[in-house]
Amino acid sequence: MKKISIFAVCLVLFLAVCYATSGHLHLPGHGNVEKQNLQEVVVNHVTSTLTNGESVEFVSNGL
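Rules behind the numbers
Residues numbered from 1 in each chain as written. Predicted model: local features only at pLDDT ≥ 70, side-chain atom pairs only at ≥ 80, totals over all residues. Heavy atoms only, no water. Helix = DSSP H or I, 4+ residues; strand = E, 2+ residues; numbered from the N terminus. Buried < 20%, exposed > 50% of the residue type's maximum accessible area, 1.4 Å probe, protein only. Areas by Shrake-Rupley, 256 points an atom, 1.4 Å probe, with all protein chains shown as cover. Patch = residues over 30% accessible without salt bridge, like charges linked within 9 Å, V, L, I, M, F, W, Y side chains within 5 Å. Salt bridge = Lys/Arg side-chain N within 4 Å of Asp/Glu carboxyl O.

## Some points on the overall build of the chain
Counting its secondary structure elements, the chain contains two helices and zero strands. Counting across all 63 residues of the chain, residues that qualify as buried make up 2%. Per element, the accessible surface of the chain, about 5700 Å² overall, is 65% carbon and sulfur.

Structural data, given as structure tokens:
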């Protein structure tokens, strides 16, 4: 009986890690990966077009 419970715990932990690393689980403070990628692309594009040492900050994606 004890071997079954250890196996079950290991299986549940393995599946939880797989699920968390697949991008389907959004942990608090980590944000959405797609949103972070969008912000990075927009900021990089706009920054490349600025002159005179101006800076840009991504505020919202409007959704």
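Further notes follow.
## Examining the environment of Thr47
Mapped onto the elements, Thr47 comes out in helix 2 (residues 33–49). Judged by its relative accessible area of 38%, Thr47 is partly exposed. Along the primary structure Thr47 and Glu57 are separated by 10 residues, whereas in three dimensions their C-alpha atoms are 9.3 Å apart.

## Considerations on a nonpolar patch on the surface
Nonpolar side chains collect at one region of the surface, where Phe7, Leu11, Phe14 and Leu15 lie side by side and expose about 430 Å² of accessible area between them. Within the fold, Leu11 resides in helix 1 (residues 2–21). You can call Leu11 partly exposed: its relative accessible area is 38%.

## Thoughts on the environment of Ser55
Examined against the element boundaries, Ser55 turns out to sit in the segment after helix 2. With a relative accessible area of 68%, Ser55 lands in the exposed category. The sequence separation of Ser55 and Val43 amounts to 12 residues, and the corresponding C-alpha distance is 9.1 Å.

## Topic: the environment of Glu57
Mapped onto the elements, Glu57 comes out in the segment after helix 2. When the C-alpha atoms of Glu57 and Val46 are compared, they prove to be 9.5 Å apart, with 11 residues separating the residues in sequence.

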